[in-house]
Amino acid sequence: MPILKIARMGHPILRQVAQTVPDPTAPAVRRLAEAMIETMIDADGAGLAAPQVHMPWRLIVVQVPAERLAEEGEEGGDGVPPTVMVNPLIEPLGPEKETAFEACLSVPGLAGPVPRFSRIRYRFQTLEGVVVERVVEGFHARVIQHECDHLDGILYPMRVEDFSQFGFVEELRRASAAKGGDEAEGDEADDEDWDELAQEAGAGGR
Ligand code: NI
């Protein structure tokens, strides 16, 4: 299975509204999904949307390791194994939002703070055509919202409200360390967060 080429911000495919997949059980859909999972794992990403690999379909793949939830302060979360979601739909449950740093394989090297709904219900079709519905919150909800945005031509920088904190992961990490890093209170990202963001931004580790 080939590793797919990832489109970067500025490429018109990322601004398109993707099309509904008429038959999630079609062999071509499975082939794309399997290549996307391999590409996501290779890139250490938490998710990947079909437009990012130049296919304008409403299809995302997601993986959230349980240890990542623990790092996000969500101990006890089950995590999400690599999962294919065809034609996903999101419904926010309440108006509450949380702001946290995000990165994206299509926006290499950068990260910024993005407000997202805290709690959502979402549903999708599997490659077998089965409808799955979930209610999730926190980091899991954030990943789903980020990936579904890709299907509507929206990249996370378009959601950033405070651009004073938008920048290169390596610089943000340095600035955070200078402010106290791991000892910082509240919303401050810690060292492990920066490692994860660096991976998601395709910027390598330290
Ligand atoms: Ni992305």
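Colleague: Please explain the overall build of the protein chain as it appears in this structure.
Modeller: Within the protein chain, the secondary structure is distributed over 5 helices and 8 strands. Overall, the protein chain shows an N-to-C arrangement of helices and strands of α-β-β-α-β-β-β-β-β-α-β-α-α. Computed over C-alpha atoms, the radius of gyration of the protein chain comes to 16 Å, within 12% of the 17 Å expected from 2.2 N^0.38 for 206 residues, which places it in the range of a compact globule. Projecting the C-alpha coordinates of the protein chain onto the three principal axes gives extents of approximately 50 × 35 × 30 Å. When the 206 residues of the protein chain are sorted by exposure, 47% land in the buried category. A fraction of 67% describes how many contacts in the protein chain between residues 6 or more apart in sequence connect residues 24 or more apart. Of the accessible surface of the protein chain, which amounts to about 10,100 Å², a share of 51% is contributed by carbon and sulfur atoms. Of the charged side chains in the protein chain, 19 are positive and 37 negative, and the gap between their average positions amounts to 8 Å.

Colleague: Just to check I follow, could you spell out the pattern of salt bridges for this structure?
Modeller: A pair can form between side chains of opposite charge whenever their charged atoms are brought close. One pass over the full model with this rule turns up 14 salt bridges. Between aspartate 149 and arginine 116 there is a salt bridge, and its shortest N-O distance comes to 2.8 Å. Here aspartate 149 is found in helix α3 (residues 138-151), whereas its partner arginine 116 is found in strand β5 (residues 110-117), with 33 residues between them in sequence. With a relative accessible area of 8%, aspartate 149 lands in the buried category. Residues aspartate 149 and arginine 159 are paired through a salt bridge, measuring 2.7 Å at the closest nitrogen-oxygen approach.

Colleague: Even after reading the chapter, I still don't get the sheet that holds strand β1 (residues 47-49), so can you show me in this structure?
Modeller: The strands making up a sheet associate through backbone hydrogen bonding, with each pair oriented either parallel or antiparallel. Pairing in this open sheet of 5 strands is antiparallel, and the strands run β1-β2-β3-β6-β7 from one edge to the other. For this open sheet the edge positions go to β1 and β7 (131-137), each flanked by a neighbour on one side alone. Each neighbouring strand pair of the sheet contributes to a mean axis angle of 40 degrees, computed without reference to strand direction. Those strands touched by helix α1 (residues 27-42) are β1, β2 (59-64) and β3 (80-92), and its axis lies near 35 degrees from that of β2.

Colleague: I would appreciate a short explanation of the environment of isoleucine 144 in the present structure.
Modeller: Within the secondary structure, isoleucine 144 is located in helix α3. For isoleucine 144, a relative accessible area of 0% translates into the label buried. Taking C-alpha positions, isoleucine 144 is 8.3 Å from tyrosine 122, a pair spaced 22 residues apart along the chain. In contact with isoleucine 144, other than residues within four places in its own chain, are Val62, Met85, Ile90, Ile120 and Tyr122.

Colleague: Any chance you could explain the side chain of histidine 140 here in plain terms?
Modeller: Positionally, histidine 140 belongs in helix α3. A distance of 2.9 Å separates polar atoms of two side chains, one belonging to histidine 140 and the other to tyrosine 122. In contact with histidine 140, other than residues within four places in its own chain, are Leu69, Val80, Tyr122 and Arg134.

Colleague: Help me understand the coordination of the nickel ion in this model?
Modeller: When a metal holds four donors in a tetrahedron, each ideal angle between them is 109.5 degrees; when it holds six in an octahedron, the ideal angles are 90 or 180 degrees. The protein atoms donating to the nickel ion are Cys104 (SG), His146 (NE2) and His150 (NE2), with metal-donor distances spanning 2.1 to 2.2 Å. Summarised as a motif, the one-chain spacing of the donors to the nickel ion is C-x41-H-x3-H. Placement of both histidine 146 and histidine 150 in helix α3 is noted, with a separation of 4 residues, approximately one turn of the helix. Here histidine 146 falls in the buried class, since its relative accessible area comes to 7%.

Basis of the calculations
Residues numbered from 1 in each chain as written. Predicted model: local features only at pLDDT ≥ 70, side-chain atom pairs only at ≥ 80, totals over all residues. Heavy atoms only, no water. Helix = DSSP H or I, 4+ residues; strand = E, 2+ residues; numbered from the N terminus. Rg over C-alpha atoms; globule rule 2.2 N^0.38 Å. Buried < 20%, exposed > 50% of the residue type's maximum accessible area, 1.4 Å probe, protein only. Contact = heavy atoms within 4.5 Å. Areas by Shrake-Rupley, 256 points an atom, 1.4 Å probe, with all protein chains shown as cover. Lys, Arg positive; Asp, Glu negative; His and termini not counted. Charge placed at Lys NZ, Arg CZ, Asp CG, Glu CD. Salt bridge = Lys/Arg side-chain N within 4 Å of Asp/Glu carboxyl O. Pairing = 2+ DSSP bridges. Axes fitted to C-alpha atoms, helices over the stretch in contact; angles between N-to-C directions. Polar contact = N/O pair within 3.5 Å; in protein donor to acceptor, adjacent residues only side chain to side chain. Donors = N, O, S within 2.8 Å, 3.2 Å for Na, K, Ca; no water.

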